[in-house]
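# Remarks on the overall topology
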Amino acid sequence: MSIDEALLKRADSKCELCGSSDKLSAYDVPPITIVSLDKSVLVCDTCVGQIEQPETMDANHWRCLNDSMWSAIPAVQVMAWRILNRLKDEGWPNDLLEMLYIEDDVKKWAMADTSIRDVEQPTTDINGAILVAGDAVTLTKDLYIKGANFTAKRGTMIKSISLTDNDYQVEGNINGTRVVLAGRYLKKV
Ligand SMILES: [Zn+2]
């Protein structure tokens, strides 16, 4: 099987997940509409075997993601994110997932993997931008805060939100009061 020269060059002829140079092949990261370099990852025999047959996954092999998840290549980030999600019950993969930073559009691609169950839906703001703990947001409308008996004005900035069990809501402090806010009334700053 011939591998695209550009892919070999990008990957320095090594598996982009574990660094092995054994029996390399191009793996097209699904979902694929058009095959392109951007959607391919160079992988070794061991990696591709475990990706295609998740029941054979050996968690220890994937400690390699500790390094490769920091790749600047979105297709590699997507594979790292998906594999860590599959393995997250092991504990350490979940820790890595929490450190893994990927752009919103890459995360959407990563989540478009129907073989992963129980992936939580991201909480999003009024524009569909993914909200994460620590984000700053502004209110997009006046909100009456029940319990504290005041109205928070549109444009009020809430620093350092936290996520809740509800995919549609976050929590934040307004005037020193902890309030639950719907993502659809917020805009990420
Ligand atoms: Zn590999």
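Position numbers for residues start from 1 in each chain and track the written sequence from start to end. Per-residue local features are limited, in this predicted model, to residues with pLDDT of at least 70; the limit for side-chain atom pairs, both in listing and counting, is 80 or more; totals at the level of whole chains, interfaces and linings are taken over all residues.

## Structural notes on the overall build of the chain
This is how the line gets drawn: Every helix listed is a DSSP run of H or I at least four residues long, and every strand listed is a run of E at least two residues long, numbered separately from the N terminus. Exposure classification rests on a simple neighbour count of other C-beta atoms within 10 Å of a residue's own: a residue reaching 20 or more is buried, one at 12 or fewer is exposed, and one in between is partly exposed. C-beta atoms are placed from the backbone. With C-beta atoms placed from the backbone, a contact is any residue pair whose C-beta atoms sit within 7 Å.
Helix and strand content of the chain: 6 helices and 10 strands. By principal-axis analysis of the C-alpha atoms, the chain measures approximately 65 × 30 × 25 Å. Within the chain, the fraction of its 189 residues that count as buried is 25%. The contacts of the chain with a sequence gap of at least 6 include a subset with a gap of at least 24, amounting to 51%.

## A word on the domain arrangement of the chain
Counted only if it meets this: Those domain boundaries reflect an automatic or database domain assignment.
Its domain assignment divides the chain into domain 1 (5–111) and domain 2 (137–188). For domain 1 versus domain 2, the distance between C-alpha centres works out to 36 Å.

## Regarding the environment of Tyr185
As for its placement among the helices and strands, Tyr185 is situated in the loop between strand S9 (177–182) and strand S10 (186–188). Accessibility expressed as a C-beta count within 10 Å gives 17 for Tyr185, which makes it partly exposed. The sequence separation of Tyr185 and Asp142 amounts to 43 residues, and the corresponding C-alpha distance is 9.1 Å.

## Focus: the environment of Ile145
Inspection of the secondary structure assignment puts Ile145 in strand S4 (residues 143–145). Classification of Ile145 as partly exposed rests on a count of 15 C-beta atoms within 10 Å. The spacing of Ile145 and Asp58 is 87 residues in sequence and 50 Å in space, taken between C-alpha atoms.

## Some details on the sheet that holds strand S7 (residues 162–163)
Quick note on the threshold: By this definition, two strands are paired if DSSP reports at least two bridges between them.
Reading across the sheet, the 3 strands line up as S7-S8-S9 and stay open at both edges, with antiparallel pairing between neighbours. The sheet is open, and its two edges are formed by S7 and S9, each paired on a single side. Two strands pair when backbone bridges link them, and strand S8 (residues 169–174) and S9 are joined in this way by 6 bridges, in the antiparallel orientation. What sits directly across from Gln169, in S9, is Ala182.

## As for unusual backbone geometry
Cis peptide bonds are those with omega within 30 degrees of zero, and the linkage from Pro30 to Pro31 qualifies with -5°. Tracing the sequence through the fold places Pro31 in the loop between strand S1 (25–28) and strand S2 (40–43). Of note in this structure, Asp12 is not a glycine but carries a positive phi near 55°. If you trace the backbone, Asp12 turns up in the loop between helix H1 (5–11) and S1. Judged by the 10 C-beta atoms lying within 10 Å of it, Asp12 is exposed. The backbone of Lys23 sits at a positive phi, close to 45°, despite the residue not being glycine. Tracing the sequence through the fold places Lys23 in the loop between H1 and S1. On the basis of neighbour count, Lys23 is assigned to the exposed category, with 12 C-beta atoms found within 10 Å.

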